[in-house]
Amino acid sequence: MKVGILAVQGDFEAHAATLARLGVEYVFVRTPRDLEGVDAIILPGGESTTQWKFLVEEGLDKSLREHAERGGAMFGTCAGAILLAKEVHNPAQQSLGLADITVIRNGYGRQLASEIRHERTSLSPEPVEMVFIRAPIIERMGPNVETLATSEGEPVMVRQDRILISTFHPELTSDTTVHEYFLRVARAGPDAVKPLVCDVDVINMARAQAER
């Protein structure tokens, strides 16, 4: 398993630190060549407009779409969710269009202050710590999109086949539940489209393996 992390702008190093704690090989992605041999890719939080401009200039937008077409797993957090969405509003923005969702940028306002919540998900029996920073709101979901977590009545983590999206930042906490789930999705192979809900035994097993 080799995970690529888009390292254009934003909190890509926080994702790298989380993967390192789990004992997973990763590589920073800045050019199409960096995607060679990558099984899964993470699109981190940051400024989606800046990231999109870079993707187009470097040809990474095409490479990322090809990665998805090959059945490669993808995980977008906050700005990454915007880049993966089919439609983006407030204001409108071009995107990869790989996930059948509509997002509203800065849906909770433009304040820079972060908000931390603890919410239940379908990934584990314990609540997950969620850091929201100028988070987008998922306004619409297509029929093949599954909700994995909600907060204040809004979906905040969803999955479409091998694409995982969260409007919060799991990489800014010490809780690795969400990344562990993404790795399970990535390892399951391109034909695994059924829900991969974790239980506590699976989570503990993954953590034990990472500590070896």
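Below is a short write-up of the structure. Everything quoted here is computed from the prediction, not taken from an experiment. (Residues numbered from 1 in each chain as written. Predicted model: local features only at pLDDT ≥ 70, side-chain atom pairs only at ≥ 80, totals over all residues. Heavy atoms only, no water.)

Notes on the overall build of the chain
Scanning the chain for helices and strands turns up 6 helices and 12 strands. Here the chain holds 212 residues, and the buried ones make up 51% of them. Counted over contacts in the chain with a minimum sequence separation of 6, partners at least 24 positions apart contribute 62%. For the chain, the accessible surface area stands at approximately 9600 Å², while carbon and sulfur atoms represent 48% of it. (Helix = DSSP H or I, 4+ residues; strand = E, 2+ residues; numbered from the N terminus. Buried < 20%, exposed > 50% of the residue type's maximum accessible area, 1.4 Å probe, protein only. Contact = heavy atoms within 4.5 Å. Areas by Shrake-Rupley, 256 points an atom, 1.4 Å probe, with all protein chains shown as cover.)

Thoughts on the sheet that holds strand β4 (residues 73-77)
As a general point, the strands of a sheet are linked pairwise by backbone hydrogen bonds and lie either parallel or antiparallel. With mixed pairing, 7 strands are arranged side by side in an open sheet as β2-β1-β3-β4-β12-β11-β10. Single-partner strands in this sheet number two, and they are β2 (25-29) and β10 (146-151). Neighbour-to-neighbour, the strand axes of the sheet open up by a mean angle of 20°, direction not taken into account. With 3 bridges joining them, strand β1 (residues 2-6) and strand β3 (residues 40-43) adopt parallel strand pairing. Bridging from a neighbouring strand, Val3 pairs with Ala40 of β3. (Pairing = 2+ DSSP bridges. Axes fitted to C-alpha atoms, helices over the stretch in contact; angles between N-to-C directions.)

So, the sheet that holds strand β6 (residues 99-104)
Taken in spatial order, the 3 strands line up as β5-β6-β9 in an open sheet, and their pairing is mixed. A single partner strand is all that each edge strand has here, and the edge strands are β5 (85-89) and β9 (137-141). Strand after strand, the sheet turns through a mean of 25° between neighbouring axes, direction not considered. Note that β6 and β9 share 4 bridges and pair antiparallel. Looking at β9, one finds that Val103 is bridged to Ile138.

Quick notes on the pattern of salt bridges
Summed over the entire model, instances satisfying the criterion amount to 6 salt bridges. The partner of Glu47 in a salt bridge is Arg105, and the shortest N-O contact between them spans 3.4 Å. Of this pair, Glu47 sits in the loop between β3 and α2 (48-58) while Arg105 sits in the loop between β6 and β7 (115-119); the two residues are 58 residues apart in sequence, bridging distant segments of the chain. Residue Glu47 is classed as partly exposed on the basis of its relative accessible area of 26%. Residues Asp100 and Arg140 are paired through a salt bridge, measuring 2.9 Å at the closest nitrogen-oxygen approach. Here Asp100 is found in strand β6, whereas its partner Arg140 is found in strand β9, with 40 residues between them in sequence. A cluster of three or more residues bridged by salt bridges with shared partners is formed by Glu87, Asp100 and Arg140. (Salt bridge = Lys/Arg side-chain N within 4 Å of Asp/Glu carboxyl O.)

With respect to the packing of aromatic side chains
Within the structure shown, the criterion is met by 4 aromatic pairs. Taken together, a centroid distance of 5.2 Å and an interplanar angle of 40° make the contact between Phe75 and Phe182 tilted. Of this pair, Phe75 sits in strand β4 while Phe182 sits in helix α5 (residues 177-187), and the two are 107 residues apart along the sequence. For Phe75, a relative accessible area of 0% puts it in the buried group. (Phe/Tyr/Trp six-rings, centres within 6.5 Å; stacked < 30°, edge-to-face > 60°.)

Examining the packing of α2 against helix α3 (residues 60-69)
Where α2 contacts α3, the axes come no closer than 5 Å and their chain directions differ by 90°. By the angle class used here, α2 and α3 are roughly perpendicular. Note on element contacts: α3 touches α2 through Leu60, Asp61, Leu64 and Arg65, opposite Trp52, Phe54, Leu55, Val56 and Glu58. When grouped by side-chain class, the residues that make up the contact of α2 with α3 number 6 nonpolar, no polar and 3 charged. (Parallel < 35°, antiparallel > 145°, perpendicular 65-115°, else oblique. Nonpolar A, V, L, I, M, F, W, Y, C, P; charged D, E, K, R; others polar.)

Things to note about α3
For α3, the set of buried residues is Leu60, Asp61, Ser63, Leu64 and His67. Looking straight down α3, one finds its buried side chains confined to an arc of 165°; they lie on one side. For α3, the exposed residues lying more than 90 degrees away from the buried face are Lys62 and Glu69. Where α3 is buried, its residues meet β1, β2, β3, α2 and β4. Gly71 occupies a position one or two residues after α3 and carries a positive phi of about 90°. (Arc of directions from axis to C-beta.)

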